[in-house]
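# Structural overview
Okay, here's what each chain looks like letter by letter:
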Amino acid sequence: MLRKPLKSSLIIALLTLCAQSLSAQNASSTNAASIKLRIQKLNTLGSVLYFAAHPDDENTRLIGWLANERLYRTGYLSLTRGDGGQNLIGTEQAEELGLVRTQELLAARRDDGGEQFFSTANDFGFSKTFDETFQIWNKEKILADAVWVIRNFQPDVIITRFPGDPRAGHGHHQASSLLAQEAFEAAADPNRFPEQLVYVKPWKTTRILWNTYNFGSANTIKEGQFREDLGQYNSLIGRTYGEIAAISRTNHKSQGFGTTAERGEMYEYFERLGGTSPQKNLFDDINTSWSRVPRSEKVQALIQRLAKNYDLAHPEHSIKTLTELLTALEGLGSNYWALQKIKEVKKLILDCGGIWIACQADDEKYAAGETVHASTNFVVQKPGLAVSLVALKNGDQSESLLSATTNLPYNQLQQIKTSFEASTITQPYWLASPHQLGSFTVRNQRLIGKPEADKLPHVITTLSIEGKKIDFPIPLSYSYNDPVRGEVRNPVIIAPPLTINLNQKAVIFNGNEPKKIELSFIANGQQIQADIRPILPKGWRMEPASFAIDLSEKDDESIKTATIYPAPKATINDSLSFDIQYKNGQKETAKSIRTIRYDHIPQITWFPPASARLSKIETGVSAKHVGYLPGAGDLVAASLREIGLQVDVLSENDIMHQDLTQYDAIITGIRIYNVNDRIRYIQPKLLEYVKNGGTLVEQYNVSGGLKTTQIGPYPFTISRERVTNEDAPVHFTEPQHFILQYPNKITAADFEGWIQERGLYFASNTDAHYTLPLGMNDPGEAESKGSLLVAKYGKGKYVYTSLSFFRELPAGVPGAYRLFVNLLAKEND
């Protein structure tokens, strides 16, 4: 049940443990050489904001060089979180892919030394023009976000990845450059977005540059462009910037961007977009010394002493000077650079002293309203330091939980146990409210730009270090030991007391036949009692009409089956959701709990609405028993089971050694010809299956990185053509073709309600054996017929389709189901 707020309680325990029982900090950022580099950075007061549209657009080599060679504060503003992209490592799409790519960007910044920012723009899929992008995003809203980030970050230089014209390719890319250029001017104008000036002040950036490039077929580098050599080797890091770039970029695993390191001379080129042009370096005529900060003479002297006296073997000897420097910085008030350097100095003090602090929860998950039990652990790992714990507060409280100061002796673990209420669920802030196609809804202005909410569960510890009292916010986490990965540390989850998981995003009905669904009721806390009722459109009903849930223990799960009866007249927007009435009187609309796990990023948990689209289709049956050979990852097989097909997931061994005649059709998953190294050996068996009378349906692949050039029985190539307008008219070039007639007569109505796009990476240069029954195009473009290829081969039928069934079927689009059923049919059925 839901509990009333509880007061914090405290237990202090002193434990002496072997240091190796504790989680090691990241050696790459806390070792003595790294500390030396960070001390050098204290003397550099310059900032650069890199500006583009998506995760993986950024130039990681340049970001790494700016942050670690030139020692500038370096940020990357990705306007979107990459929700509309493709996924090479799993089945996440839309918001869930955006969550994955957000964490991949944060991992990349940890490796290259940059900081990460976002606007509220949603990656709605590929766009061909900036006009279309601005129309969907709401240009003024995203411009306001960009101005807000600039006014907060205060960059001296802005660098865009793309030009604001068709050379950039993607419409989002073009739009990002145009927004950067307009924001460059608007951020300095107090009449633009004056509502922001309650929190920030106008900021004039000195120059904005375009980082030109030469990749693929696009070469925008020209003679006379300003250039910088990034080929240096950083001895304190032990890597070149080509190596740092490769490590950083390889974090974009969902996009298949594993990268090989480069060494030697490496130039980056720049073209002026606004402000003055650089002549000798990117920061020409920009003061990056402490002389830009009034009354900073003492700070300058302390930093010089710190750098001169730093002892690589004994970083702890620098702590006294660091505490003096911290006091001097605090004396500069709210100056931007003073506040920034205060953060850096605080972290340096901890690392120089080997002072380890971690706040660990006793459990991974708590229900909102429950008591969180946690331990804040301290170890001072360098001798001779005067360190004591003065105060410990829960993040949202002002009073300390300590009754007295506690000494922290050398190399002894001290553990402070606390308990406090879990008040708010840990929902990603940009997903807390329903959003439109073009942008997320974020009502708190001060959250905009941030990669994650800044009020996740945490404690604030106040330490006295060599007589200086310093506050350190410490995030609450949960750790466990994995036999393969070792210690794994994840964020603590604060969940709704009860969540309801459905097995599908869409419930598919064939005609007026009722459909059974399975509901999983999960207790995220203790003693959960509630009544649940469905919310259904007019004419729909569910039996039973309600559920009474009584779950005693956390993680208890009750699985219930319900039958849904469709309305005689359904609409394309019909959906199912649930109301929860708790026994204590609290009500809420039900949420699901979804967890995403990959080894290269922290575990992600979020709470989408417990809802599903109710999709009523009228389809005949063609194939009944289907084989599915997975590619990069999609939900097509599960979607086909929704309409009663028996779908067997196949392996290479199955293809090579089974009797394939048992299957009415075989389907290959998306991008299998890009990701399966064995496909060149599997392909002949698939074509033999077709030749002997089978039906093979191959889904889209991308043009680059094909593992074999023989995709079909007859030649064709894969282009980069696509139709991005999901409502683009579809022309039936062969209206009487069997594939448009059986078992369903396909009409224009079957292309209504599609999402994100029609298709991508269309086929081209098709052999005469292929029939191309569909034509389509985006506005103002020539018609393309490469979305669907059909050919007879031997006794069977071969189909290649670039239509985005991998998006449409899981979303429950009726016409997509009807057409896909036709693709599976044999012509002699």
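In this report, the structure presented in the accompanying data block is examined. Just so we're clear, the structure is a prediction, and the values are computed from it rather than from any experiment.

The number of helices and strands found in the protein chain is 17 helices and 46 strands. Here the C-alpha atoms of the protein chain give a radius of gyration of 29 Å, agreeing with the 28 Å that 2.2 N^0.38 yields for 829 residues. For the protein chain, the C-alpha atoms occupy an extent of roughly 90 × 70 × 55 Å along the three principal directions. Looking at the protein chain as a whole, 56% of its 829 residues qualify as buried. Treating the 88 positive side-chain charges of the protein chain as one cloud and the 91 negative ones as another, the clouds have centres 3 Å apart.

Turning to the pairing of strand S19 (residues 458-465), a few remarks are in order. In terms of residue burial, S19 counts as a mostly covered element, since seven of its eight residues are buried. Direction of pairing for strand S16 (residues 387-394) relative to S19: antiparallel, over a ladder of seven bridges. Across the sheet, residue Lys393 finds its bridge partner in S19, namely Ile460. For S19 and strand S20 (residues 468-482), the ladder comprises eight bridges, and the chain directions are antiparallel. When the bridges of S20 are listed, Ile460 appears paired with Pro473. Hairpin remark: S19 followed by S20, antiparallel, with two residues in the connecting loop; positive phi at Glu466, about 50°.

Taken in spatial order, the seven strands make up an open sheet running S4-S3-S2-S5-S6-S12-S9, and their pairing is mixed. Both outer strands of the open sheet, strand S4 (115-118) and strand S9 (226-229), are each paired with one neighbouring strand and no more. When the angles between neighbouring strand axes are averaged without regard to direction, this sheet yields 30°. Pairing analysis gives six bridges linking strand S6 (residues 207-212) to strand S12 (residues 267-275), with the strands arranged antiparallel. Its bridge partner being in S12, Arg207 is matched across the sheet by Gly275. Lying on the sheet, helix H4 (residues 94-112) is in contact with strand S3 (73-78) and S4; it crosses S4 at an angle near 150°.

So, on to the packing of helix H2 (residues 32-41) against helix H11 (residues 336-352). For the pair H2 and H11, interaxial distance at closest approach is 11 Å and the crossing angle is 155°. It follows that H2 is roughly antiparallel to H11 by the angle criterion. In the crossing of H2 with H11, the sense of the turn from one axis to the other is left-handed. Here H2 contributes Ile35, Arg38, Ile39 and Lys41 to the contact with H11, which in turn contributes Lys341, Glu344, Lys347, Leu348, Asp351 and Cys352. Across the contact of H2 with H11, the residue classes break down as four nonpolar, no polar and six charged.

For the coordinates displayed, the defined rule picks out 27 aromatic pairs. For the pair Tyr50 and Tyr76, a centre-to-centre distance of 6.2 Å together with 55° between the ring planes defines the contact as tilted. Here Tyr50, found in strand S2 (residues 47-52), pairs with Tyr76, found in strand S3; they are 26 residues apart in sequence, far enough to count as distant. According to the relative accessible area criterion, Tyr50 is buried, its value standing at 1%. A relative accessible area of 0% places Tyr76 in the buried class.

What follows concerns unusual backbone geometry. A cis amide bond links Glu543 with the next residue in sequence, Pro544, at an omega value of -5°. Mapped onto the secondary structure, Pro544 falls in the loop between strand S27 (541-543) and strand S28 (547-551). The step from Tyr742 to Pro743 runs through a cis peptide bond, and the omega angle for that step is -5°. Within the fold, Pro743 resides in the loop between strand S41 (730-732) and strand S42 (759-760). Residues other than glycine seldom take positive phi values, yet Glu466 does so here, at roughly 50°. Although it is not a glycine, Tyr761 adopts a positive phi angle of roughly 50°. Here Tyr761 lies in the loop between S42 and strand S43 (763-764). We classify Tyr761 as buried; its relative accessible area is 8%.

Each turn of an α-helix holds 3.6 residues, which means side chains three or four residues apart point in the same direction. Counting buried residues in helix H17 (residues 814-824) gives 11 out of 11 residues, a clear majority hidden from the surface. Considered for burial, the residues of H17 that qualify are Pro814, Gly815, Ala816, Tyr817, Arg818, Leu819, Phe820, Val821, Asn822, Leu823 and Leu824.

Turning next to the pattern of salt bridges. Note on pairing: side chains with opposite charge can pair once their charged atoms come close. Enumeration over the complete set of coordinates arrives at 34 salt bridges. Taking the shortest distance from any N to any O, the salt bridge between Arg109 and Asp112 comes out at 2.7 Å. Here Asp112 and Arg109 lie together in helix H4, a separation of three residues that amounts to about one turn. Note on accessibility: Arg109 and Asp112 belong to one class, buried.

Definitions and limits used
- Residues numbered from 1 in each chain as written.
- Predicted model: local features only at pLDDT ≥ 70, side-chain atom pairs only at ≥ 80, totals over all residues.
- Heavy atoms only, no water.
- Helix = DSSP H or I, 4+ residues; strand = E, 2+ residues; numbered from the N terminus.
- Rg over C-alpha atoms; globule rule 2.2 N^0.38 Å.
- Buried < 20%, exposed > 50% of the residue type's maximum accessible area, 1.4 Å probe, protein only.
- Lys, Arg positive; Asp, Glu negative; His and termini not counted.
- Charge placed at Lys NZ, Arg CZ, Asp CG, Glu CD.
- Pairing = 2+ DSSP bridges.
- Axes fitted to C-alpha atoms, helices over the stretch in contact; angles between N-to-C directions.
- Contact = heavy atoms within 4.5 Å.
- Parallel < 35°, antiparallel > 145°, perpendicular 65-115°, else oblique.
- Left-handed = near helix turned anticlockwise from the far one by under 90°.
- Nonpolar A, V, L, I, M, F, W, Y, C, P; charged D, E, K, R; others polar.
- Phe/Tyr/Trp six-rings, centres within 6.5 Å; stacked < 30°, edge-to-face > 60°.
- Salt bridge = Lys/Arg side-chain N within 4 Å of Asp/Glu carboxyl O.

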